[in-house]
Every structure is written in structure tokens, then in C-alpha cells.
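In case you want the letters, here they are:
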Amino acid sequence: QVVLVESGGGLVQAGGSLRLSCAASGRIRAINTMGWYRQAPGKGRELVASQYNGGYQNYADFVKGRFTISRDNAKSTVTLQMSSLKPEDTAVYYCNAETMTGPRTSIDVWGQGTQVTVSS
């Protein structure tokens, strides 16, 4: 069973930076996509950034130019470097991994989430 653990959340002032890390452990067959989602109060969970196993990266428009995702496939880790943070970035950030459960089947695995709070 694959387990994701996030770290790096905290309180930061607007304009500051924060780095989130996520590590996958357990019985890992393969991970197709790893990424970050976030959920703010009153809002649904939304994609922040993700990276496919082959290297393709996808960013939400609201973080382009400010956040950078990086992934180490060998270590099954993913990092989100957040810069120029805004109060609207305040949310619980969740790590996500689309992990293979068989030759042609996969599931989404989620971390417990880490709180990011940006003060103005």
C-alpha cells in the first residue's frame, strides 16, 4: 500500500517563500503522475501543479511564474517551491500520486495535507 506524507507547511508573510515536500512510501509498483492540490475554505480541491513520470509539468494559471514543481522519480518524491506567496494561496495543500495497482490499472493516493497560511 502506498502512503504519501507531506511536510513544509507553515505561516509565511505575503511575498515570502515556502517549500513543500512529499514522499511516497510502501508498496510502489509505479507512479504515473505526482502533484499538488489545494483546498481553501469554501472552495473545492484544485490542482496546483503536477508532473508526469516522463517529465511533463502542468501548472494552474494562478501559480504560473511563482511556483515550481520538481520530482525525483527514483526517490518517489515531489517538491513544490512556492515564491511570491499571496494571501489567496492560503489553503491546505495535498500531495497526490497516481499510482499503478496493476499492469493497466491505477488509483489516486492522497496525503493528509499540510496547512499553508499567508499573511498580508
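Parameters and conventions
- Residues numbered from 1 in each chain as written.
- Predicted model: local features only at pLDDT ≥ 70, side-chain atom pairs only at ≥ 80, totals over all residues.
- Heavy atoms only, no water.
- Phe/Tyr/Trp six-rings, centres within 6.5 Å; stacked < 30°, edge-to-face > 60°.
- Helix = DSSP H or I, 4+ residues; strand = E, 2+ residues; numbered from the N terminus.
- Buried < 20%, exposed > 50% of the residue type's maximum accessible area, 1.4 Å probe, protein only.
- Lys NZ or Arg CZ within 6 Å of the ring centre and 35° of its normal.
- Salt bridge = Lys/Arg side-chain N within 4 Å of Asp/Glu carboxyl O.

J.: Kindly report on the packing of aromatic side chains, identifying the contributing residues and their values.
T.: Across all of its chains, the model carries one aromatic pair by this definition. Ring centres 5.0 Å apart and planes at 65 degrees place the aromatic pair Tyr37 and Trp110 in the edge-to-face group. Remark: Trp110 occurs in strand E10 (residues 106-110) and Tyr37 occurs in strand E4 (residues 31-39); sequence separation between them is 73 residues. In this structure Trp110 comes out as partly exposed when scored by relative accessible area, which is 32%. Over the ring of Tyr94 we find Arg45, and its NZ or CZ is 3.7 Å from the ring centre. Above the ring of Trp110, the side-chain terminus of Arg45 is found at 4.6 Å from the ring centroid.

J.: Which residues make up unusual backbone geometry, and what are the values?
T.: You will see that Ser76, though not glycine, has its phi angle at about 55 degrees, which is positive. Among the secondary structure elements, Ser76 is positioned in the loop between strand E7 (67-72) and strand E8 (77-82). You will see that Ser84, though not glycine, has its phi angle at about 50 degrees, which is positive. Following the sequence through the fold, Ser84 ends up in the loop between E8 and strand E9 (91-100). We classify Ser84 as partly exposed; its relative accessible area is 40%.

J.: How would you sum up the pattern of salt bridges? Please name residues and give values.
T.: Tallying each qualifying case throughout the model produces four salt bridges. In this structure, Glu46 and Arg38 form a salt bridge, with 3.1 Å as the shortest nitrogen-oxygen distance. Judged by its relative accessible area of 27%, Glu46 is partly exposed. With a relative accessible area of 5%, Arg38 lands in the buried category.

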